[in-house]
Amino acid sequence: MQTKAVRLYGKDDLRLETFELPQMGEGEILARIVSDSICMSSFKAAEQGAAHKRVPDDVAQNPVIIGHEFCGEIVDVGARWQGQFKKGDRFSIQPALNYKGSLAAPGYSYRYIGGDATYIIIPSEVMEMGCLLPYSGEAFFHGSLSEPMSCIIGAFHAMYHTTNGCYVHQMGIREGGAMAILAGVGPMGLGAIDYAIHGPRRPSFLVVTDIDDARLSRAASIYTVEDAEKNGVKLVYLNTGKGDAVSELRKLVDGKGYDDVFCFAPVRPVVEQADAILGRDGCLNFFAGPLDPNFKAEFNFYNVHYASTHIVGTSGGNTDDMKESLTLMAAGKINPAAMITHIGGLDAVVETTLHLPQIKGGKKLIYTGIELPLTAIADFAEKGKSDPLFAKLAEITARHNQLWSAEAEKALLEHFGI
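Because the structure is predicted, anything quoted here is derived from the model rather than measured. (Residues numbered from 1 in each chain as written. Predicted model: local features only at pLDDT ≥ 70, side-chain atom pairs only at ≥ 80, totals over all residues. Heavy atoms only, no water.)

Student: How do you make sense of unusual backbone geometry when you look at a structure like this?
Tutor: With the exception of glycine, the majority of residues adopt a negative phi angle, and the majority of peptide bonds are in the trans configuration. Phi is positive for D254, close to 55 degrees, though the residue is something other than glycine. Along the chain, D254 turns up in the loop between α7 (245-251) and β14 (258-263). Note on D254: relative accessible area 69%, which makes it exposed. Phi angles above zero are rare outside glycine, and Q402 is one such case at about 60 degrees. By the element assignment, Q402 lies in the loop between α13 (388-399) and α14 (406-415). (Helix = DSSP H or I, 4+ residues; strand = E, 2+ residues; numbered from the N terminus. Buried < 20%, exposed > 50% of the residue type's maximum accessible area, 1.4 Å probe, protein only.)

In structure tokens form, the structure reads like this:
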């Protein structure tokens, strides 16, 4: 079968190509990709080429398909897996396989599986590691966003607190505690707000910060103070670009400090601000991955010794985190649509990936079976003046608070006969 896919050949060398897939083996599965959201990790892989830890040394001779946040439908199932999967099943994939200790992952390392493709062959190790995950939700894009949401869920699970008088650590955020999400209105920060309010374990107080009033207002219109209150969370949005941010943040919790602090920007002053607002036994999660391998910030070790403050870093979720993400989305408890600011077709992937840091906004969602320039949701109305498709999408997104939705996805795919 032919597929059309974006393949990596080396540093800054991405190519959209049509080629033949090999015949599916009895331990493999043939699948159709519907959606893939572009991750900064794909930009890093393209920027580094073979120097990237997950990209094979021989990528120039054996190019790999990029994209690891994807969702689709099974087309055919090899004999080995026919008792577990069937044609027509929807799925997502946990790309961090950890197969026999290898770093190899779909979207970085494989010739015939990756999210930026029309059809793929899923190798046996994906199923062997339990990483082909059934998805029962209505919208394919939710399946694509299950991977970034799993990173957020993993970060919440990785938080820990001590137990007085013994050496037992209690894992997870402090239920009913005080939480701060700093630099928290980017795409991943928005997902964290959603999970903090609607997840199974919640703080009683949550402050979300940024230095841009417009971004804070937009976040507040999506995840409202009123909705948070209904879920037992007092929510405050705070601009920390004005005045003494540490003092203002500590005032909100009567000077006691915060149990859980998430830092969503690899910026030294933000990291140090996070440290300064930790309460006794407070846990700081440095979530944002810096590009600089020598990135450093100061940390108060007096408080480490006398106030039991501590730090953790997470760079992804595991398979259980992704299953939780899929379950919560299918049940309608979380909706990470706020992460998405642009949509496009497979033809938009190369330029989008190579220039991702320069394209403002959140997640760029790709529908692999169509050709469509990368387009911001904010531009739908203007484009709709001359394009009936965008006129319809503008009307739908306006009814959904300018968010992408299952209704919008359905209209888009029907327009292209998918």
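Okay, back to it.
Student: Help me out: how do you make sense of the nonpolar core in this one?
Tutor: Soluble globular proteins tend to pack their nonpolar side chains together in the buried interior. Residues L206, L393 and W404 are the most contacted members of the largest nonpolar core, which totals 71 residues. Broken down by element, this core gets its largest block of residues, 10 residues, from helix α3 (residues 140-158). Filtering out sequence-adjacent residues up to four positions away, W404 remains in contact with F141, A337, I340, I343, L365, Y367, I377, F380, L393, T397, E409 and L412. (Core = buried A, V, L, I, M, F, W, Y, C linked by side-chain atoms within 4.5 Å. Contact = heavy atoms within 4.5 Å.)

Student: Just checking my understanding: could you explain α13 for this structure?
Tutor: In an α-helix, one turn spans 3.6 residues, which is why side chains three or four residues apart end up on the same side. With 12 residues, α13 extends 17 Å from end C-alpha to end C-alpha; this agrees with the ideal 16 Å at 1.5 Å per step. Residue D387 occupies the N-cap position of α13, its side-chain oxygen lying 2.9 Å from the main-chain nitrogen of L389. (Expected span 1.5 Å × (residues − 1). Polar contact = N/O pair within 3.5 Å; in protein donor to acceptor, adjacent residues only side chain to side chain.)

Student: What should I look at first to understand the sheet that holds strand β13 (residues 234-239) in this one?
Tutor: Sheets are built from strands that pair by backbone hydrogen bonding, the pairs being arranged parallel or antiparallel. An order of β13-β12-β11-β14-β15-β16 is seen for the 6 strands of this open sheet, with the pairing classed as parallel. Looking at the sheet topology across the chains shown, the edges are occupied by β13 and β16 (310-313). In this sheet, neighbouring strand axes are inclined to one another by 20 degrees on average, regardless of whether the strands run parallel or antiparallel. Direction of pairing for strand β15 (residues 278-286) relative to β16: parallel, over a ladder of 4 bridges. Each bridged residue has a counterpart across the sheet, and for C283 the counterpart in β16 is H310. (Pairing = 2+ DSSP bridges. Axes fitted to C-alpha atoms, helices over the stretch in contact; angles between N-to-C directions.)

Student: Help me out: how do you make sense of the side chain of T397 in this one?
Tutor: Relative to the helices and strands, T397 resides in helix α13. Judged by its relative accessible area of 0%, T397 falls in the buried class. From its side chain, T397 meets the backbone oxygen of L393 in a polar contact 2.9 Å long. Those residues in contact with T397 that lie beyond four places of it in its chain are I377, F380, Q402, L403 and W404.

Student: What is the right way to read the packing of α3 against helix α10 (residues 319-330) from this model?
Tutor: Working note: a packed helix pair is described by the angle between its axes plus the distance between those axes. Contact geometry of α3 with α10 gives a least axis separation of 7 Å together with a crossing angle of 120 degrees. In terms of orientation, α3 and α10 fall into the oblique class. The element α3 and its partner α10 pack so that their crossing is right-handed. Residues H142, G143, L145, S146, E147, M149, S150, I153, G154 and H157 of α3 form the contact with α10, whose own contacting residues are D321, M322, E324, S325, L326 and M329. (Parallel < 35°, antiparallel > 145°, perpendicular 65-115°, else oblique. Left-handed = near helix turned anticlockwise from the far one by under 90°.)

Student: Please clarify how the layout of surface pockets should be interpreted in this entry.
Tutor: Regions of empty space are outlined by a rolling probe, equal in size to a water molecule, passed over the atoms. Space inside the second largest pocket adds up to approximately 480 Å³. Considering the residues around the second largest pocket, the lining is formed by 19 residues, among which R218, A338, T341, G361 and G362 are closest to the centre. Secondary structure elements with two or more residues in the lining of the second largest pocket: α4 (187-198), α5 (213-222) and β17 (340-345). The element best represented in the lining of the second largest pocket is α5, accounting for 5 residues. Residue composition of the lining of the second largest pocket, by class: 12 nonpolar, 5 polar and 2 charged. (1 Å grid on protein atoms, 1.4 Å probe; cavity = no way out; pocket = protein on both sides within 12 Å on 5 of 7 lines; lining within 4 Å. Points joined across faces, edges and corners; volume = space filled by probe spheres on them. Nonpolar A, V, L, I, M, F, W, Y, C, P; charged D, E, K, R; others polar.)

Student: I tried to follow the sheet that holds strand β4 (residues 64-65) on my own but got confused; where do I start?
Tutor: Ordered in space as β2-β1-β4, the 3 strands form an open sheet in which the pairing is antiparallel. Looking at which strands have only one partner, the edges of the open sheet turn out to be β2 (13-20) and β4. When strand β1 (residues 2-10) meets β4, the two strands line up antiparallel, connected through 2 bridges. From the neighbouring strand, R7 faces β4, where its bridge partner is I65.

Student: Can you walk me through the environment of Y110 in this structure?
Tutor: As for its placement among the helices and strands, Y110 is situated in the loop between β6 (90-93) and β7 (119-122). Relative accessible area serves as the criterion here: at 15%, Y110 is assigned to the buried category.

Student: Sorry if this is basic, but what is going on with the pairing of β6 here?
Tutor: As a general feature of sheets, a regular strand has side chains that alternate between the two faces. Across 3 bridges, the pairing between strand β5 (residues 70-77) and β6 is antiparallel. Each residue of the ladder has a partner; that of E73, found in β6, is R90. The pairing of β6 with strand β8 (residues 132-134) spans 3 bridges and is antiparallel. The partner of S92 across the bridge, within β8, is L133.

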